[in-house]
Amino acid sequence: MTNKYLIFDASSGVSGDMAAGALISLCHDHAFLVQAMKPFQQLGYSYRIDTVQKSSEICISTTICSNGHQESHHHSWSEITDRIQMADVTPAAKALAERIYQRIAKAESAVHGVPISKVHFHEVGSMNAVLNVIAFAAAYDHLGVQGAIVPSFYEGTGTVLCSHGEMNVPVPAVRSLLEQTNVPLTIYEEVNGEILTPTGCACLSEVCVGTAIPEGSILQKGYGAGKRETGLSGILKAELLETG
């Protein structure tokens with residue numbers, strides 16, 4: 001019996017758009033994603049998928065266009081789930097997107113000492129983050145894999161400016177997310193700034209089934225392009241592995 005797994009190389013960091021882009025690049029047809037995002041056009045948002053070259057690799061870059069719409073900086077759990085339910089995706093994809101946000105909510109709850117129902121999402125609750133999580137979940141479901149292997153997460157040092165002000169890296173939400181997983185963290189002392197975001201960490205953590213790469217054949221490689229300049233390649237590699 002053969003099984004298929006995703007192997008993530010997160011050595012240049014992970015963000016929501018990198019995670020979505022890496023899986024989208026493994027999908028030969030993007031029509032399902034175009035359909036998935038159509039309902040959000042009525043809210044003034046569109047989801048753009050571009051093919052770009054970054055660090056000598058052909059990658060997918062995603063961009064959320066808002067048509068000038070200004071959204072709130074505070075988002076409730078019910079608002080997040082309502083947005084996920086709007087998407088024209090399979091029930092399995094919606095369930096995965098909700099589990100990713102449940103993981104984030106659990107982390108934020110632990111950080112702020114409030115029940116999950118009282119958690120307010122800031123950057124991770126923006127339409128930019130939500131649509132990338134939906135795209136990640138839809139592409140994961142489309143690929144029909146049994147799980148993902150994440151050997152390690154990677155992070156820089158220093159601080160990052162966010163809605164709560166200037167915070168040390170890894171930010172509290174990421175530290176809390178890492179406590180929910182067995183994936184080890186590697187720190188780049190020479191990299192100044194954040195390369196592992198809460199959204200990216202939650203996406204990979206939720207589908208991770210192990211850290212050891214099994215024997216098998218690599219069927220395909222995909223790359224998701226990040227937008228930050230960190231001194232690293234700025235891409236997330238996802239390999240489709242067949243075992244058995």
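What you see is a predicted model, and the numbers here were worked out from it, not measured in a lab. (Residues numbered from 1 in each chain as written. Predicted model: local features only at pLDDT ≥ 70, side-chain atom pairs only at ≥ 80, totals over all residues. Heavy atoms only, no water.)

Caption draft 1: The arrangement of the overall build of the protein in detail. Secondary structure summary: the protein contains 7 helices and 11 strands in total. The globule rule puts the C-alpha radius of gyration for 244 residues at 18 Å, and the 17 Å found for the protein is close to it. Principal axes of the C-alpha set define a box for the protein whose edges measure 45 × 45 × 35 Å. Across the protein, every contact between residues at least 6 apart in sequence was considered, and the portion connecting residues at least 24 apart equals 76%. Within the structure as shown, the protein displays about 10900 Å² of accessible surface, and the carbon and sulfur contribution to it stands at 48%. (Helix = DSSP H or I, 4+ residues; strand = E, 2+ residues; numbered from the N terminus. Rg over C-alpha atoms; globule rule 2.2 N^0.38 Å. Contact = heavy atoms within 4.5 Å. Areas by Shrake-Rupley, 256 points an atom, 1.4 Å probe, with all protein chains shown as cover.)

Caption draft 2: Seen up close, the side chain of Lys94. Mapped onto the secondary structure, Lys94 falls in helix H4 (residues 91-112). One buried charged residue, Lys94, remains without a salt bridge, the closest side chain of opposite sign being Asp88 at 6.7 Å. Here the side chain of Lys94 touches Gln85 through a polar contact of 3.1 Å, landing on its backbone oxygen. In this view, Lys94 contacts Ile84, Gln85, Ala87 and Val89; residues no more than four positions away in its chain are not counted. (Buried < 20%, exposed > 50% of the residue type's maximum accessible area, 1.4 Å probe, protein only. Lys, Arg positive; Asp, Glu negative; His and termini not counted. Salt bridge = Lys/Arg side-chain N within 4 Å of Asp/Glu carboxyl O. Polar contact = N/O pair within 3.5 Å; in protein donor to acceptor, adjacent residues only side chain to side chain.)

Caption draft 3: The packing of H4 against helix H5 (residues 127-143), seen in detail. The geometry of H4 relative to H5 is characterised by a closest axis approach of 8 Å and an angle of 130 degrees between their N-to-C directions. Of the possible angle classes, the one that applies to H4 and H5 is oblique. Relative to H5, the crossing made by H4 is right-handed. Across the interface between the two elements, Ala92, Ala93, Leu96, Ala97, Ile100 and Tyr101 of H4 pack against Ala129, Val130, Val133, Phe136, Ala137, Ala138, Tyr140 and Asp141 of H5. (Axes fitted to C-alpha atoms, helices over the stretch in contact; angles between N-to-C directions. Parallel < 35°, antiparallel > 145°, perpendicular 65-115°, else oblique. Left-handed = near helix turned anticlockwise from the far one by under 90°.)

Caption draft 4: The arrangement of the pairing of strand S2 (residues 46-54) in detail. Relative to strand S3 (residues 57-65), S2 is paired through 9 bridges, and the arrangement is antiparallel. In the strand pairing of S3, Arg48 is matched with Thr63. Counted between consecutive antiparallel strands, the loop separating S2 from S3 contains 2 residues, among which Ser55 sits at a positive phi close to 50 degrees. (Pairing = 2+ DSSP bridges.)

Caption draft 5: Local environment of the state of the cysteines. Taken as a whole and assessed by the stated rule, the structure comprises 0 disulfides. In this structure Cys201 is not part of a disulfide, and its nearest cysteine sulfur, from Cys203, lies 9.5 Å away. Judged by relative accessible area, Cys201 falls into the buried class, the value being 0%. (Disulfide = S-S within 2.5 Å.)

Caption draft 6: Examining the nonpolar core more closely. Counting 75 residues, the largest nonpolar core has Leu6, Phe8, Leu23, Tyr101, Phe136 and Leu204 as its most contacted members. Ranked by residue count, the leading element in this core is H5, at 13 residues. Not counting chain neighbours up to four residues away, the residues in contact with Phe136 comprise Phe8, Ala19, Ala20, Leu23, Ile100, Cys203, Leu204 and Val207. (Core = buried A, V, L, I, M, F, W, Y, C linked by side-chain atoms within 4.5 Å.)

Caption draft 7: Representation of unusual backbone geometry. Val169 connects to Pro170 through a cis peptide bond whose omega is 0 degrees. Even without a glycine there, the phi angle at Ser55 is positive, about 50 degrees. Topologically, Ser55 is positioned in the loop between S2 and S3. By relative accessible area, which is 42% here, Ser55 ends up partly exposed. Although it is not a glycine, Ser56 sits at a positive phi angle of roughly 70 degrees. Tracing the sequence through the fold places Ser56 in the loop between S2 and S3. Exposure remark for Ser56: the relative accessible area of 64% places this residue in the exposed category.

Caption draft 8: How the structure looks around the pairing of strand S11 (residues 235-243). Buried residues dominate S11, accounting for 7 of its 9 residues. Both strand S1 (residues 3-9) and S11 contribute to a ladder of 7 bridges, which runs antiparallel. Pairing of Ile7 across the sheet is with Glu239, part of S11. Inspection of the sheet shows strand S10 (residues 217-225) paired to S11 by 8 bridges, in the antiparallel sense. By the bridge assignment for S11, Tyr223 is matched with Lys237.

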